[in-house]
Amino acid sequence: MSFELPKLSYAYDALEPTIDAKTMEIHHLKHHQAYVDNLNNAIAGTELEGKSLEEIQKTGTDKPAVRNNGGGHYNHSLFWELLTPGGSKEPVGNVKAEIEKIGGFDKFKEDFSNAAKTRFGSGWAWLVKNSDGSVAVTSTPNQDNPLMPVADKQGTPILGLDVWEHAYYLNYQNRRPDYVNAFFDVINWDKVEELYNK
C-alpha cells in the first residue's frame, strides 16, 4: 500500500495572516506531494514497503532517498495537524505541567524560537517527549526528525516547526524570526497534548 498526501482539516487561507493561502497551497500540494511520491518510489520493492511511516523513520535512514522523503512526509503530516486557525495560545494538561518543569512557557518559547531561528539552512525545531515523560526542545537539519537514530536528540515529536524557506518565504522573505514568532498564534495545543498522551 502506497502512502498518500493527507487532507487538511482547514482551508488554505484559514491560517492567515500567520501563513498565507498561497504558501499553504504550494507547501501542501507541491512540496509535501513530492515527498510522498518520492518516498513511494524509494521503498517500492524493498523491505521497507508495507512498514508504517514511524517504522521507516526509525529504520530507513541509511538510504538517503528514504531518509529525506520519509522524513519529509512524516514531518509535514505532523506539521499540518499541529496548526489550527486562531491557535489555542498556550499548552494544556500534561504538556503544560512538563513545560513548567523546564522553566515555564516563556522559557519554552524562548528556547523553541532559538532552536528554529538558529537552525542553519533548512530544518525543523521540535518539542519532544522523552521516554521518561519529560519534554525537551531540539532541532534537526533538512527533513530529519527526532525519531531517527541519526538525530542528535531522540524522542517522540509532539510539536514541530518547519523552517525550510518554502514554509515562509512568500510572506516573510528572509525574516525567519518573524515567521517563528507568528507560529505561536496558530499552534493547536490540544493536538500537542493528544500526541503527548498517546
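Throughout, a residue's number is its position along its own chain's written sequence, starting from 1. In keeping with the model being predicted, local features are shown solely for residues with a pLDDT of at least 70 and side-chain atom pairs are shown and tallied solely at 80 or more, while totals for entire chains, interfaces and linings include all residues. Here the side-chain values reflect all heavy atoms present in the structure, with hydrogen atoms and water set aside.

In the annotation of an unreviewed UniProt entry, the entry for the chain reads Superoxide dismutase, and the organism field reads Epilithonimonas lactis. UniProt positions are given in the numbering used here, feature names are shortened, and annotations may be inferred rather than shown by experiment. Check the Catalytic activity (unreviewed entry) section of the UniProt entry for the chain; it says "2 superoxide + 2 H(+) = H2O2 + O2".

Peer 1: Tell me what's going on with unusual backbone geometry, and back it up with residues and numbers.
Peer 2: Across the junction of glutamate 16 and proline 17, the peptide omega takes the value 5°, indicating a cis bond. Helix and strand assignments follow DSSP, with helices taken as H or I runs no shorter than four residues and strands as E runs no shorter than two, numbered in order from the N terminus. Residue position: proline 17 is located in the segment before α1 (21-43). Unlike most non-glycine residues, lysine 89 shows phi in positive territory, near 70°. In this structure, lysine 89 sits in the loop between α3 (64-81) and α4 (93-101). You will see that glutamine 173, though not glycine, has its phi angle at about 50°, which is positive. Position of glutamine 173 among the secondary structure elements: in the loop between α6 (169-172) and α7 (176-183). Note on classification: 1.4 Å probe, protein chains only; a residue is buried when its accessible area is under 20% of the maximum for its type, exposed when over 50%, partly exposed between these limits. Its relative accessible area of 33% is what places glutamine 173 among the partly exposed residues.

Peer 1: Break down α1 for me, citing the residues and quoting the values.
Peer 2: Side chains that are three or four residues apart share a direction in an α-helix, a result of its 3.6 residues per turn. The span expected for a helix works out to 1.5 Å for each residue beyond the first. Here α1 is 23 residues long and its end C-alpha atoms lie 32 Å apart, about the 33 Å a rise of 1.5 Å per residue gives. Of all the bends in α1, the greatest, near 30°, is centred on histidine 27. Buried within α1 we find Ala21, Thr23, Met24, His27, His28, His32, Tyr35, Val36, Leu39, Asn40 and Ile43. At its buried positions, α1 is contacted by α2 (53-59), α3, β3 (156-162) and α6. A positive backbone phi angle near 75° is found at glycine 45, which sits one or two residues after α1. Two axes are fitted around each residue, one to the seven residues ending there and one to the seven starting there, and the angle between them is reported as the bend at that residue. Pairs of residues are marked as contacts when any of their non-hydrogen atoms sit within 4.5 Å.

Peer 1: Break down the pairing of strand β1 (residues 123-129) for me, with residues and values.
Peer 2: Burial runs high along β1: six of the seven residues are buried. Whether two strands pair depends on DSSP finding at least two bridges between them. As judged from the seven bridges shared by β1 and strand β2 (residues 135-141), these two strands associate in the antiparallel manner. Looking across to β2, one finds that glycine 123 is bridged to proline 141. Here β1 folds back onto β2 in antiparallel fashion, the turn holding five residues, of which glycine 133 has a positive phi close to 95°. Inspection of the sheet shows β1 paired to β3 by six bridges, in the antiparallel sense. Looking at β3, one finds that tryptophan 126 is bridged to glycine 160.

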